[in-house]
Amino acid sequence: MFRIKPVLLRPVVNNFVTRNSLQRSSFVVQTCRAASTSSLGDNFTFLNQMYSDLSQSSWVMNTQHLLETVHDYTHLPWWATIVVTTVSLRLAITLPLAAYQHSIYARLENLKPEMEGILKELKKETDRAVVMYKWDAKTAKLAFHKSAQKQWNLLVQRDNCHAFKATVLLWGQIPLWVCMSVALRNMAMMLPVQTVEAQLIYLSLSSGGFGWIPNLTDVDHSLILPVSMALANLAIIQLQVMNKVGTTSRLANAIMNVLRVLCVVMIPIAAYAPADVALYWTVSSFYGLTQNLVLLSPKFRRLFRIPVTPLERPHPYQHILNQIKAYRIFK
């Protein structure tokens, strides 16, 4: 009676295990690829559906109707219609909100001297409490910060200048930008439904351009509008830097650098957008630059009842000119 040597079974078993392992690995890879493809497909489907819902929303439809109404009643070419509508909406919506934002910032700035006096008194009271109640450093620091925060909140409530109110400009400007952009894109691409009216608007836009962009449904092949938009946005950022009083933190510098990068990134995005959208973005950016310059004027600030602050410059435009000369831009 002979006995099968175990050594003869090992290669067979190993080969069987190896084939099973390879089959399981292949199955896992294929499953992961299918899941990944399905996940990406679901994400794209979700984004497409979200954009479709946005393009058909009442806000976008009303904005598109406003553009059509301005064009029909003024008999202006489409490029002029976009410019007039953009400037009018910015004047009616963003200018009052921007003035209100500056008013909130001014009130907060004017609270700082008063708060400094309160902090000195709180420091004295905290030192006395340390002696009387034998507080340790941690307890004293906690009590000081708690009292200081309470006093600051009382001052903010008294002058009605909570910092969150300064964000009101974003809540007005961002929806306006989105609605105008989507409405103009709809008009240039006959969306959301290619009706006869949509086709007529498309044909009207096709011949409603100017100069180097006669067709507003096409892209700006010269890249003049995308580059101009980026330069205007970079000028807005640099204007904020020039008018900053005192030293800036690392976080503020990092935010400014990120915004500068975003301005450059917007160039290829605007280059692939229809010319009517790129025109709107460019006009809106140059309006924003003009608005920021106007809001530096002391006379304009008094007109909108923005309080005087210690940081306000009496001659802001001369300061900007001196800053430009210091950068040797024109030398």
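Structural data are supplied above this passage.
For clarity, every value in this text was computed on a predicted model and none was experimentally measured. (Residues numbered from 1 in each chain as written. Predicted model: local features only at pLDDT ≥ 70, side-chain atom pairs only at ≥ 80, totals over all residues. Heavy atoms only, no water.)

The next subject is the overall build of the chain. Looking only at helices and strands, the chain features 11 helices and zero strands. By residue count, 32% of the 331 residues in the chain fall in the buried class. Taking the intrachain contacts of the chain between residues at least 6 apart in sequence as the baseline, contacts between residues at least 24 apart amount to 72%. For the chain, the accessible area works out to roughly 21800 Å², and carbon and sulfur atoms hold 66% of it. (Helix = DSSP H or I, 4+ residues; strand = E, 2+ residues; numbered from the N terminus. Buried < 20%, exposed > 50% of the residue type's maximum accessible area, 1.4 Å probe, protein only. Contact = heavy atoms within 4.5 Å. Areas by Shrake-Rupley, 256 points an atom, 1.4 Å probe, with all protein chains shown as cover.)

At a closest axis distance of 9 Å, the pairing of helix H3 (residues 78-133) and helix H4 (residues 137-159) adopts a crossing angle of 150 degrees. As judged from the angle between their axes, H3 and H4 are roughly antiparallel. Judged by the twist between their axes, the crossing of H3 over H4 is right-handed. Every residue of H4 that contacts H3 at Arg 107, Leu 108, Leu 111, Glu 114, Met 115, Ile 118, Leu 119, Leu 122, Lys 123, Thr 126 and Val 130 is listed here: Ala 140, Phe 144, Ser 147, Ala 148, Gln 151, Trp 152, Leu 155, Val 156, Arg 158 and Asp 159. (Axes fitted to C-alpha atoms, helices over the stretch in contact; angles between N-to-C directions. Parallel < 35°, antiparallel > 145°, perpendicular 65-115°, else oblique. Left-handed = near helix turned anticlockwise from the far one by under 90°.)

Our focus in this paragraph is the packing of aromatic side chains. Summed over the entire model, instances satisfying the criterion amount to five aromatic pairs. Taking 5.2 Å as the distance between ring centres and 75 degrees as the angle between the ring planes, the aromatic pair formed by Phe 210 and Trp 212 counts as edge-to-face. When its relative accessible area of 22% is taken as the criterion, Phe 210 is described as partly exposed. The partly exposed category is assigned to Trp 212, whose relative accessible area is 40%. Between Phe 300 and Phe 304 the ring centres are 4.6 Å apart and the planes differ by 35 degrees, which places this aromatic pair in the tilted class. Given the relative accessible area of 15%, Phe 300 is considered buried. Feature note: the residues Trp 79, Phe 210 and Trp 212 constitute an aromatic cluster, connected by ring pairs. (Phe/Tyr/Trp six-rings, centres within 6.5 Å; stacked < 30°, edge-to-face > 60°.)

Every α-helix winds through 3.6 residues per turn, so residues three or four apart in the chain are directed the same way. Among the residues making up helix H11 (residues 316-326), those that are buried are Pro 316, His 319, Ile 320 and Ile 324. On an axial view of H11, the arc spanned by its buried residues comes to 140 degrees, and they lie on one face. Buried residues along H11 sit in contact with helix H7 (224-242), helix H9 (275-294) and helix H10 (298-303). (Arc of directions from axis to C-beta.)

Taken together, Leu 251, Ile 255, Val 258, Leu 259 and Leu 262 make up a surface patch of nonpolar side chains, about 460 Å² in accessible area. By the element assignment, Leu 259 lies in helix H8 (residues 250-272). (Patch = residues over 30% accessible without salt bridge, like charges linked within 9 Å, V, L, I, M, F, W, Y side chains within 5 Å. Salt bridge = Lys/Arg side-chain N within 4 Å of Asp/Glu carboxyl O.)

Working definition: two side chains of opposite charge can pair if their charged atoms are close together. Across all of its chains, the model carries six salt bridges by this definition. With its nearest N and O atoms 3.2 Å apart, the salt bridge here joins Glu 109 to Lys 112. In this pair, Glu 109 and Lys 112 are both assigned in helix H3, three residues apart and thus about one turn of the helix distant. Judged by its relative accessible area of 42%, Lys 112 falls in the partly exposed class. A salt bridge links Arg 158 to Glu 114; its shortest N-O distance comes to 2.9 Å. Of the two residues, Arg 158 is situated in helix H4 and Glu 114 in helix H3; the sequence distance between them amounts to 44 residues. Classification of Arg 158 as partly exposed rests on a relative accessible area of 49%. Glu 114 sits in the partly exposed class, given a relative accessible area of 34%. Put simply, Glu 114, Arg 158 and Asp 159 are held in one network by salt bridges that share partners.

Secondary-structure assignment places Thr 309 in the loop between H10 and H11. By relative accessible area, Thr 309 is classed as buried at 11%. When the C-alpha atoms of Thr 309 and Ala 106 are compared, they prove to be 6.1 Å apart, with 203 residues separating the residues in sequence. Aside from chain neighbours lying at most four places away, what touches Thr 309 is Ala 106, Glu 109 and Asn 110.

Once that is clear, we can look at the environment of Thr 290. Of note, Thr 290 is situated in helix H9. Its relative accessible area of 45% is what places Thr 290 among the partly exposed residues. Measuring from C-alpha to C-alpha, the distance between Thr 290 and Ala 232 comes to 9.6 Å, with 58 residues separating the pair along the chain.

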